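Each chain is listed here by its residues.
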Amino acid sequence: MTNTQRTTKSAKSTTGTATADKTYDGFTDEERGAMKERAKELKASTRRGSRTAKADGDTEVRAKIAEMPEADRVIAERIHDIVKSSAPDLDPKLWYGMPAYARDGKVVCFFQSAQKFKSRYATLGFSDLAKLDDGTMWPSAYALTELNADDEARIGELIKRAAG
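Residues numbered from 1 in each chain as written. Predicted model: local features only at pLDDT ≥ 70, side-chain atom pairs only at ≥ 80, totals over all residues. Heavy atoms only, no water.

K.L.:
So what exactly am I meant to see when it comes to the pattern of salt bridges here?
P.N.:
Working definition: two side chains of opposite charge can pair if their charged atoms are close together. Inspection of every chain in the model, using the stated rule, returns seven salt bridges. In this structure, the salt-bridge partner of D81 is R78, at a minimum N-O distance of 3.4 Å. Highlighted residues: D81 and R78, both in helix α3 (residues 70–86), separated by three residues, approximately one helical turn. You can call D81 partly exposed: its relative accessible area is 36%. Owing to a relative accessible area of 31%, R78 belongs among the partly exposed residues under this scheme. Among the salt bridges present, the one from R78 reaches E152, with a minimum N-O distance of 2.9 Å. Linking R78 in helix α3 with E152 in helix α4 (residues 149–163), this pair joins segments that are 74 residues apart in sequence. Here the residues in one salt-bridge network are R78, D81 and E152, joined through shared partners. (Salt bridge = Lys/Arg side-chain N within 4 Å of Asp/Glu carboxyl O. Helix = DSSP H or I, 4+ residues; strand = E, 2+ residues; numbered from the N terminus. Buried < 20%, exposed > 50% of the residue type's maximum accessible area, 1.4 Å probe, protein only.)

K.L.:
Help me out: how do you make sense of the layout of surface pockets in this one?
P.N.:
Counted as a void, the second largest pocket has a volume near 160 Å³. Contributing to the lining of the second largest pocket are E37, K64, E67, M68, G97, M98, P99, F111, Q112, S113, Q115 and K116. Of all elements in the fold, only β4 (98–103) and β5 (106–112) reach the threshold of two or more residues within the lining of the second largest pocket. Looking at side-chain class alone, the lining of the second largest pocket contains four nonpolar, four polar and four charged residues. (1 Å grid on protein atoms, 1.4 Å probe; cavity = no way out; pocket = protein on both sides within 12 Å on 5 of 7 lines; lining within 4 Å. Points joined across faces, edges and corners; volume = space filled by probe spheres on them. Nonpolar A, V, L, I, M, F, W, Y, C, P; charged D, E, K, R; others polar.)

K.L.:
Just checking my understanding: could you explain the environment of Y96 for this structure?
P.N.:
When you line up the elements, Y96 lands in the loop between β3 (91–95) and β4. You can call Y96 partly exposed: its relative accessible area is 31%. In this structure the C-alpha to C-alpha distance between Y96 and K36, which are 60 residues apart in sequence, comes to 7.8 Å.

K.L.:
What's the story with the pairing of β5 in this structure? I'm lost.
P.N.:
With respect to burial, β5 is a largely interior element, six of its seven residues being buried. Across four bridges, β4 lies against β5 in antiparallel orientation. Directly across from A100, in β5, lies its bridge partner F110. Counting the residues in the hairpin turn of β4 and β5 gives two residues, including D104, whose phi is positive at 55°. (Pairing = 2+ DSSP bridges.)

K.L.:
Teacher, can you tell me more about α3 here?
P.N.:
Residues spaced three or four apart along an α-helix point in a common direction, a consequence of the helix completing one turn every 3.6 residues. Here α3 is 17 residues long and its end C-alpha atoms lie 24 Å apart, about the 24 Å a rise of 1.5 Å per residue gives. What α3 keeps buried is the set D72, I75, A76, I79, H80, I82, V83 and S86. Around the axis of α3, the buried residues are gathered within 165° of arc, so they sit on the same side. Turned more than 90 degrees away from the buried face of α3, the exposed residues are E70 and S85. (Expected span 1.5 Å × (residues − 1). Arc of directions from axis to C-beta.)

K.L.:
Just to check I follow, could you spell out the sheet that holds strand β6 (residues 122–126) for this structure?
P.N.:
Each strand in a sheet pairs with another by means of backbone hydrogen bonds, the pair being arranged parallel or else antiparallel. Pairing is antiparallel in the open sheet, where five strands are placed in the order β3-β4-β5-β6-β7. Each edge of the sheet is formed by a strand with only one pairing partner; in this case those strands are β3 and β7 (141–144). Averaged over neighbouring strand pairs, the angle between their axes works out to 25° when direction is ignored. Pairing of β3 with β4 involves five bridges; the strand directions are antiparallel. Bridged to W95 within β4 is M98. Contacts from α4 reach β4, β5, β6 and β7, with the element oriented near 30° to β6. (Axes fitted to C-alpha atoms, helices over the stretch in contact; angles between N-to-C directions. Contact = heavy atoms within 4.5 Å.)

K.L.:
Sorry if this is basic, but what is going on with the packing of aromatic side chains here?
P.N.:
Each aromatic ring pair is summarised here by two numbers: the centre-to-centre distance and the angle between the ring planes. One pass over the full model with this rule turns up three aromatic pairs. Summarising the aromatic geometry, the rings of W95 and Y96 are spaced 5.3 Å apart at their centres and angled 80° between planes, so their arrangement reads as edge-to-face. Taken together, a centroid distance of 6.2 Å and an interplanar angle of 90° make the contact between F126 and Y142 edge-to-face. Here the residue F126 occupies a position in strand β6, and Y142 occupies one in strand β7, the gap between them amounting to 16 residues. As far as the burial class goes, F126 and Y142 line up, both buried. (Phe/Tyr/Trp six-rings, centres within 6.5 Å; stacked < 30°, edge-to-face > 60°.)

As structure tokens, this is what we get:
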């Protein structure tokens, strides 16, 4: 491993006080957790058929949203409703432990709670399959701290374009 690949972070003891720096291999605990969740999702999807996967996808997404802290949960519930009404052909599924919406099994957009990676804002993200192209540069993710009616209308339009 090169020095550029190795990073350090301050570790905390169980009492919450800082201890000596320790070296890790580049993935945070949250990132490792997301990868483990993705592995479980892939294993579960191979065990069930496509019809069952569609029904289970909505249930799993709603359950994941219900686990979120209130501020993230409120936004995620609205995003879920907006996606379902704006692009009913997108299938809800979990993707790295996050609510996501897919066409033909491939993720088009996803919601990431702020709590997931200890961020100050939640994220609505779009994959390269989303048809949001606008010239030679366009956003592929949006920071969300709360939603108002104008935000919801804009998100609905983005979702329609992405799923187009």
